[in-house]
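Letter by letter, the chains look like this.
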Amino acid sequence: MKKGIFITMEGPDGSGKSTQIELLKAYLEEKGYDVLITREPGGTRISEAIRAVILNREYSEMSPVTEMLLYASARAQLISEVVGPALESGKAVISDRFVDSSLVYQGMARGLGVENVYEVNLRAIGEYMPDVTFLLDLPAEVGIARKKDQKELDRMELESLEFHKAVAEGYRSLHTRFPERIEKIDATLPIEEICGIIKGRVETILSK
Ligand code: TYD
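Keep in mind that what you see is a predicted model, and the values were worked out from it rather than measured.

**Regarding helix 5 (residues 114-125)**
With twelve residues, helix 5 extends 16 Å between its outermost C-alpha atoms, agreeing within 8% with the 16 Å of an ideal straight helix rising 1.5 Å per residue. When we look at burial in helix 5, the residues that qualify are Val114, Val117, Asn121, Ala124 and Ile125. Seen end-on, helix 5 carries its buried residues on one side only, within an arc spanning 75°. Among the exposed residues of helix 5, those oriented more than 90 degrees off its buried face are Glu119 and Arg123. Packed against the buried residues of helix 5 are helix 3 (64-88), helix 4 (99-109) and helix 7 (161-177). A positive phi of about 55° marks Gly126, the residue just after helix 5.

If you want it as structure tokens, here you go:
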């Protein structure tokens with residue numbers, strides 16, 4: 001049985017997840033939590049090695065199924081080595097992306113089907129579904145423009161604008177499918193306002 005709190009941050013590339021994660025971490029620490037931040041794909045030695053394969057710009061021939069399985073493999077290792085033990089010991093875990101990224105990017109934008117991708121991922125995550133997921137909602141064009149200003153684009157970011165539009169749209173439809181768990185927030189709002197919404201929801205969960 002898990003004792004900690006598991007929070008995930010989702011959204012299209014460039015939606016400002018990292019900033020909000022840092023602010024949420026500070027808030028949870030004030031509340032006395034030992035906070036662990038992790039990112040997907042990655043967060044363990046093996047998962048980071050898988051990440052390097054997935055995001056390598058040279059591997060343009062990668063099939064959607066290979067891509068889905070690699071993300072799920074990186075996730076399985078992260079859960080068994082890091083997230084599971086941290087939650088068991090009562091920590092707060094904040095993950096930059098988690099299973100919803102696969103449901104949207106591979107299940108919807110790549111067209112593999114949400115149910116198929118979910119089924120494969122259940123093998124990777126077992127009982128560890130997030131307590132709450134914050135979805136930073138942003139038009140695809142804005143996200144990609146922000147990323148281009150920051151760094152060289154990786155294999156996923158190099159995808160067409162159509163693909164990124166499908167991602168943004170996919171996230172919105174996933175929110176209507178899991179309304180209890182996923183909280184959708186307009187990512188164009190000021191940083192402090194987004195942070196206030198996130199803290200409010202976490203506060204409610206902690207007081208239960
Ligand atoms: P990353 O540099 O971590 O992107 P970001 O800063 O936007 O979070 O790269 C992760 C990329 O992998 C991103 O384009 C989303 C994609 N992705 C999937 O397609 N499926 C997944 O299951 C995960 C976790 C990420």
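**A few points about helix 3**
Helical geometry: 3.6 residues make up each α-helical turn, so side chains three or four residues apart lie on a common side. Taking 1.5 Å per residue, 25 residues should reach 36 Å; helix 3 reaches 33 Å between its end C-alpha atoms and fits that length. The largest bend in helix 3 amounts to roughly 50° and is located at Ile79. Gly90 sits one or two residues past helix 3 and shows a positive phi near 90°.

**A short note on the nonpolar core**
Counting 20 residues, the largest nonpolar core has Leu103, Tyr105, Met156, Val167, Tyr171 and Leu174 as the members making the most contacts within it. Where this core is concerned, the elements lending two or more residues are helix 2 (45-55), helix 3, helix 4, helix 5 and helix 7. If we ignore the near neighbours within four places in the chain, the residues touching Tyr171 are Glu10, Gly11, Pro12, Arg97, Asp100, Ser101, Val104, Tyr105 and Leu135. Judged by nonpolar contacts, the second largest core, of 19 residues, contains Ile21, Leu24, Phe134 and Leu138.

**So, the packing of helix 3 against helix 4**
Packing of helix 3 against helix 4 leaves a shortest axis separation of 11 Å and a crossing angle of 180°. In terms of orientation, helix 3 lies roughly antiparallel with respect to helix 4. Of the residues in helix 4, those in contact with Glu67, Met68, Tyr71 and Arg75 of helix 3 are Val99, Ser102 and Gln106. Residue classes in the contact of helix 3 with helix 4 are distributed as three nonpolar, two polar and two charged.

**Digging into the sheet that holds strand 5 (residues 182-186)**
An order of 2-3-1-4-5 is seen for the five strands of this open sheet, with the pairing classed as parallel. This sheet does not close on itself; its edge strands, each paired only once, are strand 2 (35-39) and strand 5. Here the strands of the sheet are splayed against their neighbours by 20° on average, with no regard to which way each runs. Judged from the four bridges that link them, strand 1 (residues 5-10) and strand 4 (residues 132-137) form a sheet pairing that is parallel. Opposite Thr8, over in strand 4, you have Thr133 as the bridge partner. On top of the sheet, helix 3 reaches strand 1, strand 2 and strand 3 (92-96); it is set at about 160° to strand 2, its chief contact.

The rules behind the values
Residues numbered from 1 in each chain as written. Predicted model: local features only at pLDDT ≥ 70, side-chain atom pairs only at ≥ 80, totals over all residues. Heavy atoms only, no water. Helix = DSSP H or I, 4+ residues; strand = E, 2+ residues; numbered from the N terminus. Expected span 1.5 Å × (residues − 1). Buried < 20%, exposed > 50% of the residue type's maximum accessible area, 1.4 Å probe, protein only. Arc of directions from axis to C-beta. Contact = heavy atoms within 4.5 Å. Bend = angle between axes of the 7 residues up to and from the residue. Core = buried A, V, L, I, M, F, W, Y, C linked by side-chain atoms within 4.5 Å. Axes fitted to C-alpha atoms, helices over the stretch in contact; angles between N-to-C directions. Parallel < 35°, antiparallel > 145°, perpendicular 65-115°, else oblique. Nonpolar A, V, L, I, M, F, W, Y, C, P; charged D, E, K, R; others polar. Pairing = 2+ DSSP bridges.

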